[in-house]
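# Fold and geometry: a report
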Amino acid sequence: MPQKLLQFVVREKAMPRKRQAAERRRDFAEIYGEFETEAAAEQAARCSQCGIPYCQVHCPLSNNIPDWLKLTAEGRVEEAYEVAAATNNFPEICGRICPQDRLCEGNCVIEKGFQSVSIGSVEKFITETAFAAGWVTPPKPRRERAQSVGIVGAGPAGLAAAEQLRRSGYQVTVYDRYDRIGGLLVYGIPNFKLEKQVVARRHALLAEGGIAFVTNFALGRDASLPELRARHDAVLIATGVYKARDIACPGIGLKNVVPALDYLIAANRKGLGDAVPEFDSGALDAAGRDVVVIGGGDTAMDCVRTAVRQGARSVRCLYRRDRENMPGSQREVRHAEEEGVEFVWLAAPEALLGKRKVSRIRAHRMHLAMPDSSGRQVPEPIAESQFDLETDLVIKALGFDPEDVPALFGEPALKVTRWGTIAIDHRTMMTSLPGVFAAGDIVRGASLVVWAIRDGRDAAAQIERYLEAQAAAAIVRAEAAE
Ligand code: FAD
Ligand code: SF4
Ligand code: SF4
């Protein structure tokens, strides 16, 4: 039934059904269900249709949130989907895994006196309804164009760009070194946040729309960047950042001290039914172990919650700042706590102890001192505050940096920033090499899926401009030659 808007005063915020922690601990399925149609309309109707919608301002895709909320409240879900899909290639993914508390929902104005509108869950409802009804279709160009684009990296940045370019009629090939499409959506982010079939469903649609996918292809190993440039009229690099940051402390080389992504990839592959010898050998399996995860970002949250599901005896998260100053989503911390994870705030490792294998972490307490030039308070160790934690699996989740991409891709002329990310002209998204563009984490550093989608869309628009200019120049040259 169509709902009147501005219901936030009388109607409380509700989320779709969340499974109980005891049940969640036993499997890797997503923790939230979906809204029923009536509940979605009721929640969408809480929106006050702000003149200046701060939710939209703080959505990296500038989604027309008030419009699709209004349409949902009125029961016009197909139109709501069209509005949502106009600015976002994968709204069902963002609805699930955007840190909404820091983006759209955290800036919803009714959040000040009431709880925000459940924007992410409504976005997921709209898109899942669209999939069920068959409204989501493969990219279909109005006319084919002969020019081709090679996209390296099948994460959200590469896939968003591929879809946009294919819609415009270009011949698009996406290359990836993995055997599956999706990048961190498949091999980083665990199932309980984003089920793999959600990504596979998009892959199938993109392939049906005529995008060619070449898997098990690593740029730098199977072809150099100059070779790829020779194959395509334009190239987009969207390879993400994968070099794990490390800590310098004694004992870091002990057995059973593992990088977060190795651990998560093994868990994700296992869930997908792959043979994973390093998991089966126990090296990357938390079952029955006392796990300590070092770090406070989204990756650390995914590790602790994966360890719980694998049947760890205990799971602790050691982070050098406090809860308010952690980079990870507060919502994820709440989920982790509900599932039995213990957080050891304001603590940092001093040494890892053990003979061959790690058996203890010696940590010290920290306090937050004056802010540095970035505005963040600097954590400093408190003298004589050491304490030990028993552990037999330590997972390092300290963030990621880019690899040495010019060397890796066999193209020393590719310019990088001082952080090692690929340098681009931010107006054209072109790198130092003509016709080579870059997008996503490899440009921004480790960031978010929604920003990768935004970058992929922006890069596609710039590639289209570049290719149109190239085509026009070719016509002029041909006419001059006649
Ligand atoms: P990626 O997703 O990393 O994709 C890059 C692709 O390039 C990969 O498929 C890779 O195989 C391929 N590639 C790399 N090198 C080569 C090469 N040489 N040749 C061919 N292919 C190559 N963000 C959120 O918004 N919400 C979350 O909840 C969230 N959770 C996260 C959890 C974890 C554990 C991690 C690590 C990240 C998380 N993020 C989250 C961040 C998010 O996943 C990334 O910001 C996003 O995936 C970046 O997209 P991308 O397309 O730039 O790169
Ligand atoms: Fe919110 Fe992300 Fe959706 Fe934007 S894309 S409306 S930030 S959930
Ligand atoms: Fe609606 Fe909140 Fe956005 Fe305002 S800020 S338009 S109330 S969702």
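Residues numbered from 1 in each chain as written. Chains lettered and ligands numbered in written order. Predicted model: local features only at pLDDT ≥ 70, side-chain atom pairs only at ≥ 80, totals over all residues. Heavy atoms only, no water.

### With respect to the sheet that holds strand β3 (residues 212-214)
The strand order across the open sheet formed by 5 strands is β3-β2-β1-β4-β16, and the pairing between neighbours is parallel. Unpaired on one side and paired on the other, β3 and β16 (436-438) mark the two borders of the sheet. Ignoring which end each strand starts from, the neighbouring axes of this sheet average 20° apart. Of the strand pairs in this sheet, strand β4 (residues 234-237) and β16 are connected by 3 bridges, and their pairing is parallel. Bridge pairing in β16 links Ile237 to Ala438. Strand contacts of helix α18 (residues 449-481): β1 (148-152), β4 and β16, with the helix running at about 165° to β4, the strand carrying the most contacts. (Pairing = 2+ DSSP bridges. Helix = DSSP H or I, 4+ residues; strand = E, 2+ residues; numbered from the N terminus. Axes fitted to C-alpha atoms, helices over the stretch in contact; angles between N-to-C directions. Contact = heavy atoms within 4.5 Å.)

### Observations concerning the sheet that holds strand β6 (residues 257-259)
Across the sheet, which stays open at both edges, the 5 strands sit in the order β6-β14-β7-β8-β9 with parallel pairing between neighbours. Each edge of the sheet is formed by a strand with only one pairing partner; in this case those strands are β6 and β9 (342-344). When strand polarity is set aside, the average angle formed by the axes of neighbouring strands in this sheet is 25°. Strand direction decides the pairing type here: strand β7 (residues 290-294) and strand β8 (residues 314-318), joined by 5 bridges, are parallel.

### Structural notes on the site of ligand 1
Taken together, 33 residues are adjacent to ligand 1, and Ile97, Asp176, Lys193, Leu219 and Tyr242 come closest. A distance of 3.1 Å separates an oxygen atom of ligand 1 from a polar atom in the backbone of Leu184. Residue Ser447 places a main-chain N or O atom 3.1 Å away from an oxygen atom belonging to ligand 1. Contact with the protein chains removes 97% of the 1,000 Å² of surface that ligand 1 exposes when unbound. Listed by contribution, the elements that provide at least two residues to the shell around ligand 1 are α8 (156-167), α14 (298-310) and α18. Tallied by class, the residues present in the shell around ligand 1 amount to 19 nonpolar, 9 polar and 5 charged. The two domains that each donate at least three residues to the shell around ligand 1 are domain 2 (148-241 + 402-481) and domain 3 (247-399). (Near = heavy atom within 4 Å. Polar contact = N/O pair within 3.5 Å; in protein donor to acceptor, adjacent residues only side chain to side chain. Areas by Shrake-Rupley, 256 points an atom, 1.4 Å probe, with all protein chains shown as cover. Nonpolar A, V, L, I, M, F, W, Y, C, P; charged D, E, K, R; others polar. Domains from an automatic or database assignment.)

### Some remarks on the side chain of Asp441
Note that Asp441 resides in helix α17 (residues 441-444). Buried and unpaired, Asp441 has no salt bridge, with Arg444 as the nearest side chain of opposite charge at 6.4 Å. Among residues more than four places away in sequence, those in contact with Asp441 are Gly240, Val241, Thr421, Ala446, Ser447 and Leu448. (Buried < 20%, exposed > 50% of the residue type's maximum accessible area, 1.4 Å probe, protein only. Lys, Arg positive; Asp, Glu negative; His and termini not counted. Salt bridge = Lys/Arg side-chain N within 4 Å of Asp/Glu carboxyl O.)

### Section: the pattern of salt bridges
The full count for this structure, using the stated rule, is 37 salt bridges. Here the salt bridges share partners, and the residues they tie into one network are Lys18, Arg24, Arg305, Arg309, Glu332, Glu338 and Glu339.

### Comments concerning empty space enclosed by the protein
Counted by the stated rule, this structure contains 4 cavities of 30 Å³ or more. Of the pockets and cavities examined, the largest cavity occupies roughly 240 Å³. Contributing to the lining of the largest cavity are 20 residues, with Tyr32, Gly95, Arg96, Lys193 and Arg331 lying nearest its centre. Those elements that place two or more of their residues in the lining of the largest cavity are α6 (91-97), α7 (119-133) and α15 (330-338). (1 Å grid on protein atoms, 1.4 Å probe; cavity = no way out; pocket = protein on both sides within 12 Å on 5 of 7 lines; lining within 4 Å. Points joined across faces, edges and corners; volume = space filled by probe spheres on them.)

### Focus: the nonpolar core
One finds Trp68, Ile151 and Ile237 to be the most contacted residues of the largest nonpolar core, which totals 102 residues. When residues of this core are assigned to domains, at least three map to each of domain 1 (7-133) and domain 2 (148-241 + 402-481). With residues near it in sequence (within four places) discarded, Ile237 still touches Val152, Leu225, Phe409, Leu414, Ile422, Val436, Phe437, Ala438, Ala439 and Ile442. Core analysis: the second largest hydrophobic core is formed by 30 residues, Ala266, Phe279, Ala300 and Val315 among them. (Core = buried A, V, L, I, M, F, W, Y, C linked by side-chain atoms within 4.5 Å.)

### Focus: the side chain of Thr306
Within the element layout of this structure, Thr306 appears in helix α14. Its relative accessible area of 1% is what places Thr306 among the buried residues.

### Observations concerning the domain arrangement of the protein chain
Structurally, the protein chain comprises domain 1 (7-133), domain 2 (148-241 + 402-481) and domain 3 (247-399). Contact with domain 1, which involves 14 residues of that partner, is made by 15 residues of domain 3. Here domain 1 packs against domain 3, burying approximately 1,200 Å² in sum over the two surfaces, 42% of which is carbon and sulfur. Taken as a group, Arg24, Arg25 and Phe28 account for 43% of the area that domain 1 buries against domain 3, more than any other trio of residues on that side. Taken together, the links from domain 1 to domain 3 amount to 3 salt bridges. Here Arg24 ties to Glu339 by a salt bridge, and the two come within 2.9 Å at their closest N and O atoms. Seen at the junction of domain 1 and domain 3, the total is 14 residue pairs in polar contact (both at pLDDT 80 or more). Per-class residue counts for the side of domain 1 that touches domain 3 are 6 nonpolar, 1 polar and 7 charged. (Buried area = accessible area lost by both parts, 1.4 Å probe.)

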